[in-house]
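Fold and geometry: a report
The residues making up each chain are set out below.
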Amino acid sequence: MITTELFIGLITFYFVMFMTPGPNNIMLTISGIKFGFKKTIPHMIGIPLGHVTQIALVACGLGKFFQMYPDIQNILKILGCIYLFYLAYKMFGSLNVKTNEGKLSGRPMKMYESILFQYLNPKAWVASMTAVTVFFPNQENFIVGVLFLTLSAPLLEVIAVTTWAGFGATIRVFISNNKIKKFIEILMAILLILTSAFILI
């Protein structure tokens, strides 16, 4: 049964998972810095879309599949962390907003890329597995239970992605200062490395 207490618990859990630093939020901040808020919108939309499908898949049996074959989940976790280490390495020198020719360096993440990234995002898998195992209303109709978990997530994710992309777009004006630029690059790289290390422990 879906109770007020269960809903508040789920919303609180989602708030903590989505608002705290992680791969998505760090990448949104970087995108906001490099490309601005407007061009980061497809990236922002892809995150909740990808995560909703993740939660639905876990609720529909993928979670039990991972329990039966934990090595598959571990492989996905390792691949995701390797990608995060790669992103940390690429961070250095990446905040040059424009090249010598005056063109933007790189490009913002597309919506489908953002959706697919959720399947390599270890924190997203942890959030999905925990939401299903802890907050699924067992006495409720199965479809209603899945909708309860999946439709609640975007409520908090929209706030999170808007906040982090907006934060990046706000500090974008300071990138012209080389010392500040280097500090932000190092900080973002360290956050990605710490996130990966924490997940692997």
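As shown above, the structure is provided for reference.
What this report covers is the structure whose coordinates are included nearby. (Residues numbered from 1 in each chain as written. Predicted model: local features only at pLDDT ≥ 70, side-chain atom pairs only at ≥ 80, totals over all residues. Heavy atoms only, no water.)

So, on to the overall build of the protein chain. Scanning the protein chain from terminus to terminus reveals 7 helices and 0 strands. Along the protein chain, helices (α) and strands (β) appear in the sequence α-α-α-α-α-α-α when read from the amino end. Against the compact-globule benchmark of 17 Å for 201 residues, the protein chain has a radius of gyration of 18 Å, which places it among compact chains. Counting only C-alpha atoms and orienting by the principal axes, one finds that the protein chain spans roughly 60 × 35 × 25 Å. Counting only residues that meet the buried cut, the protein chain has 45% of its 201 residues in that class. Looking at the protein chain alone, contacts between residues at least 24 apart form 84% of all its contacts between residues at least 6 apart. As displayed, the protein chain offers around 10,800 Å² of accessible surface, 72% of which is attributable to carbon and sulfur atoms. A gap of 15 Å separates the mean positions of the 15 positive and 7 negative side-chain charges of the protein chain. (Helix = DSSP H or I, 4+ residues; strand = E, 2+ residues; numbered from the N terminus. Rg over C-alpha atoms; globule rule 2.2 N^0.38 Å. Buried < 20%, exposed > 50% of the residue type's maximum accessible area, 1.4 Å probe, protein only. Contact = heavy atoms within 4.5 Å. Areas by Shrake-Rupley, 256 points an atom, 1.4 Å probe, with all protein chains shown as cover. Lys, Arg positive; Asp, Glu negative; His and termini not counted. Charge placed at Lys NZ, Arg CZ, Asp CG, Glu CD.)

A few words now on the packing of helix α1 (residues 4-19) against helix α5 (residues 122-135). It is at 11 Å that the axes of α1 and α5 come closest, and there the two elements cross at 170 degrees. Between α1 and α5, the angle falls in the class roughly antiparallel. Within the contact between the two elements, α1 uses L6, G9, L10, F13, Y14 and M17 and α5 uses K123, V126, A127, T130, A131 and F135. A breakdown of the residues in the contact of α1 with α5 according to their chemical character gives 9 nonpolar, 2 polar and 1 charged. (Axes fitted to C-alpha atoms, helices over the stretch in contact; angles between N-to-C directions. Parallel < 35°, antiparallel > 145°, perpendicular 65-115°, else oblique. Nonpolar A, V, L, I, M, F, W, Y, C, P; charged D, E, K, R; others polar.)

With that settled, the discussion passes to the side chain of N121. With respect to the secondary-structure elements, N121 resides in the loop between α4 (111-117) and α5. Taking the relative accessible area as the measure of exposure, N121 reaches 2% and is therefore buried. In this structure N121 touches P23 and N24, once residues within four positions along its chain are discounted.

Each aromatic ring pair is summarised here by two numbers: the centre-to-centre distance and the angle between the ring planes. Per the stated rule, a full pass over the model turns up 7 aromatic pairs. Between Y119 and W125, the aromatic rings sit 5.9 Å apart at their centres with planes inclined by 70 degrees, giving edge-to-face as the arrangement. Aromatic rings pair up to connect F13, Y14, F18 and F135 into one cluster. (Phe/Tyr/Trp six-rings, centres within 6.5 Å; stacked < 30°, edge-to-face > 60°.)

Generally speaking, nonpolar side chains in soluble globular proteins are found buried as a group. One finds L10, Y14, F18 and L149 to be the most contacted residues of the largest nonpolar core, which totals 25 residues. Elements with a contribution of two residues or more to this core: α1, α2 (23-68), α5 and α6 (142-171). In terms of residue count, α1 provides more of this core than any other element does, 8 residues in total. I26, I33, A88 and I171 belong to the second-largest nonpolar core, a separate cluster that totals 16 residues. (Core = buried A, V, L, I, M, F, W, Y, C linked by side-chain atoms within 4.5 Å.)

Moving on, we come to the environment of I159. Along the chain, the position of I159 falls in helix α6. When the C-alpha atoms of I159 and N24 are compared, they prove to be 13 Å apart, with 135 residues separating the residues in sequence.

It is worth spelling out the environment of K64 at this point. Examined against the element boundaries, K64 turns out to sit in helix α2. Along the chain, K64 and M129 lie 65 residues apart, while their C-alpha atoms are 9.7 Å from each other.

This next bit is on the pattern of salt bridges. By the definition in use, this model includes 1 salt bridge. E113 is the partner of R107 in a salt bridge, and the nearest nitrogen-oxygen pair spans 2.7 Å. (Salt bridge = Lys/Arg side-chain N within 4 Å of Asp/Glu carboxyl O.)

If you check α6, its first and last C-alpha atoms are 44 Å apart, about what 30 residues at 1.5 Å a residue would give, namely 44 Å. The axis of α6 is deflected most strongly, by about 25 degrees, at L156. You can read the cap of α6 off the contacts: a side-chain oxygen lies 3.0 Å from the backbone nitrogen of I143, and it is on N141. (Expected span 1.5 Å × (residues − 1). Bend = angle between axes of the 7 residues up to and from the residue. Polar contact = N/O pair within 3.5 Å; in protein donor to acceptor, adjacent residues only side chain to side chain.)

For the pair α1 and α6, the least separation of the axes is 9 Å and the interaxial angle reads 35 degrees. Considering the relative orientation of α1 and α6, their crossing is right-handed. Two secondary-structure elements touch here, α1 through L6, F7, L10, I11, Y14, F15, F18 and M19 and α6 through F148, L149, S152, A153, L156, E157, I159, A160, T163 and W164. When its residues are assigned to classes, the contact of α1 with α6 shows 15 nonpolar, 2 polar and 1 charged. (Left-handed = near helix turned anticlockwise from the far one by under 90°.)

It is worth spelling out the side chain of N25 at this point. Tracing the backbone through its elements, the reader meets N25 in helix α2. If we skip the residues at most four places from it in the chain, N25 touches F18, M19, T20, A160 and W164.

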